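So the chains spell out like this:
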Amino acid sequence: MPGDRQNDRQSGLSDDAGAGAPDGTAALQAVDLTVCLGGQPVLQGVNVVFARGRWTSIVGPNGAGKSTLLKALAGLLPASGGQVWLAGQPLAAIGARTRAQQLAWLGQGERALDELTAYDTVMLGRMPHQGWLATTTREDECIVREAMQGTQTWAFRGRSLAELSGGERQRVLLARALAVRAPLLLMDEPLANLDPPHQTQWLLDMRALLARGVTLVSVLHEVSIALQADELLVLDAGRVLHHGESGDAATRAAVEAVFRHRIAVREVEGQWTAIPNLHSSIHSNVHSKT
Ligand SMILES: Nc1ncnc2c1ncn2[C@@H]1O[C@H](COP(=O)(O)OP(=O)(O)OP(=O)(O)O)[C@@H](O)[C@H]1O
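Residues numbered from 1 in each chain as written. Predicted model: local features only at pLDDT ≥ 70, side-chain atom pairs only at ≥ 80, totals over all residues.

**Details of the overall build of the protein chain**
The helix and strand inventory of the protein chain stands at 8 helices and 12 strands. Taken across its 290 residues, the protein chain has 39% of its residues classed as buried. Contacts spanning at least 24 positions in sequence make up 65% of the contacts within the protein chain whose residues lie at least 6 apart. (Helix = DSSP H or I, 4+ residues; strand = E, 2+ residues; numbered from the N terminus. Buried ≥ 20, exposed ≤ 12 C-beta atoms within 10 Å, placed from the backbone. Contact = placed C-beta atoms within 7 Å.)

**Examining the sheet that holds strand E9 (residues 231-236)**
Reading across the sheet, the 6 strands line up as E6-E7-E8-E3-E9-E10 and stay open at both edges, with mixed pairing between neighbours. Where the open sheet ends on each side, the last strands, each with one partner, are strand E6 (103-106) and strand E10 (239-245). In this sheet, adjacent strand axes meet at a mean angle of 15 degrees when their direction is disregarded. As judged from the 4 bridges shared by strand E3 (residues 55-59) and E9, these two strands associate in the parallel manner. Paired with Ser57 across the bridge in E9 is Leu232. Sheet contacts for helix H8 (residues 249-258): E3, E9 and E10; angle to E10, the most-contacted strand, approximately 145 degrees. (Pairing = 2+ DSSP bridges. Axes fitted to C-alpha atoms, helices over the stretch in contact; angles between N-to-C directions.)

**A look at the environment of Thr153**
Along the chain, Thr153 falls in the loop between helix H4 (138-150) and helix H5 (166-179). As for Thr153 and Leu278, which are separated by 125 residues in sequence, their C-alpha atoms are 39 Å apart. Other than its neighbours up to four places away in sequence, Thr153 contacts Ala118, Met148, Glu168, Arg171, Val172 and Ala175.

**Examining the site of the ligand**
Taken together, the neighbourhood of the ligand is formed by Leu37, Gly38, Val42, Gly60, Asn62, Gly63, Ala64, Gly65, Lys66, Ser67 and Thr68. In terms of residue class, the shell around the ligand is built from 3 nonpolar, 7 polar and 1 charged. (Near = placed C-beta within 6 Å. Nonpolar A, V, L, I, M, F, W, Y, C, P; charged D, E, K, R; others polar.)

**Details of H8**
By the burial criterion, the buried members of H8 are Thr251, Arg252, Ala254, Val255 and Val258. When H8 is viewed along its axis, its buried side chains cluster within an angular range of 160 degrees and face the same direction. When the buried face of H8 is taken as reference, the exposed residues oriented beyond 90 degrees from it are Ala249 and Ala250. Taken together, the buried residues of H8 touch E3, helix H7 (223-226), E9, E10, strand E11 (263-268) and strand E12 (271-276). Backbone geometry just after H8 places Arg260 at a positive phi near 55 degrees. (Arc of directions from axis to C-beta.)

**A word on the pairing of E11**
Two strands pair when backbone bridges link them, and E11 and E12 are joined in this way by 6 bridges, in the antiparallel orientation. Looking across to E12, one finds that Arg266 is bridged to Thr273.

**Points about the confidence of the model for the protein chain**
Predicted confidence across the protein chain gives a mean pLDDT of 88, with 88% of residues reaching 70 or more. Every residue in residues 14-19 scores below 50 in pLDDT, and together they form 11 contacts with partners more than four places removed in sequence or on other chains. Of the regions scoring below 50 in pLDDT, residues 283-290 engages in 1 contact with residues more than four places distant in sequence or in other chains. Per the prediction output, this complex has pTM 0.89; the corresponding ipTM is 0.98. (pLDDT = per-residue confidence, 0-100.)

**Some points on the sheet that holds strand E1 (residues 26-37)**
Reading across the sheet, the 4 strands line up as E2-E1-E4-E5 and stay open at both edges, with antiparallel pairing between neighbours. Edge positions in the sheet fall to strand E2 (40-51) and strand E5 (89-90), since each of these pairs with one other strand and no more. Looking at chain direction, strand E4 (residues 81-86) and E5 are connected through 2 bridges and run antiparallel. Bridging from a neighbouring strand, Leu86 pairs with Gln89 of E5. Contacts between helix H1 (residues 66-74) and the sheet are confined to E1, E2 and E4, with E1 contributing the most and set at about 120 degrees to the helix.

**Focus on unusual backbone geometry**
In this model, Asp32 sits at a positive phi of 50 degrees, which is unusual for a non-glycine residue. Mapped onto the fold, Asp32 is located in strand E1. One non-glycine residue with positive phi stands out, namely Ala237, at about 50 degrees. Tracing the chain through its elements places Ala237 in the loop between E9 and E10. For Ala237, a count of 15 C-beta atoms within 10 Å gives the class partly exposed.

**Some details on the environment of Pro61**
Of note, Pro61 is situated in the loop between E3 and H1. Separated by 194 residues in sequence, Pro61 and Val255 place their C-alpha atoms 9.9 Å apart. Leaving out residues up to four positions away in the same chain, Pro61 has contacts with Asp236, Val258 and Phe259.

Structure follows, in structure tokens:
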């Protein structure tokens, strides 16, 4: 059955996750996290624990607050209330360099310097480990090469980002995040622009990282891929609708509900898969009878 893989791992799920004192064993945690943008609350009292060595996918409809949550977890957006804890310490109290070593980031539509070569872009991932004015080491070069070969970007390492396709560019940015070698990787729509073979490769890369004990948090619109994660965090209108093991029936029900039953989660060849629910009772105005 799908989801068996997570049974032999220790789940960080609990009914009162984050509601009280921080969990010192968690890789990352939000406690009563509220974020306001444009004067409006976009996230409201989010409590979530991300257990070490597990992969959590955040899913929900457009505007649910997924990117906002990921940015707040990375310290890229300030909290209006509550707190983020990284490895048992308040994120705000951790210096920028230590934070950059501990937490790698792959943003949605991330801006990068177009004139930089792919190689130099990936080398930026090694910056948190380099001293001021230090030259790159042999180890940095080996790590960059490995990250680029793993993402099939080594062949165009000498080309500038401006010359790359959307998918090629996305793979370079993934290689940059991998080159950090951080124990925690946050990714906002990492599959954007990736073709199916590269989506499958990404999944294999994530499995390899999990085997090395890396903690993964991803925002994904590809629900079938999100269901491959250990846990799903289902967001709706800035609140946590459900947080559970992806193999649980309650989690699948929450996923169908949050997308207003326009998708159905079915088992296909041993994997939970989201398919369009063409028989949903909710019809678009285009086809409804007047
Ligand atoms: N700078 C901003 N000022 C005001 N409102 C904002 C700002 N940025 C985002 N929002 C609003 O916050 C809400 C959550 O946005 P967010 O980008 O987190 O959603 P999301 O779940 O990632 O959506 P999507 O699936 O479309 O990427 C949306 O309603 C959005 O319009």
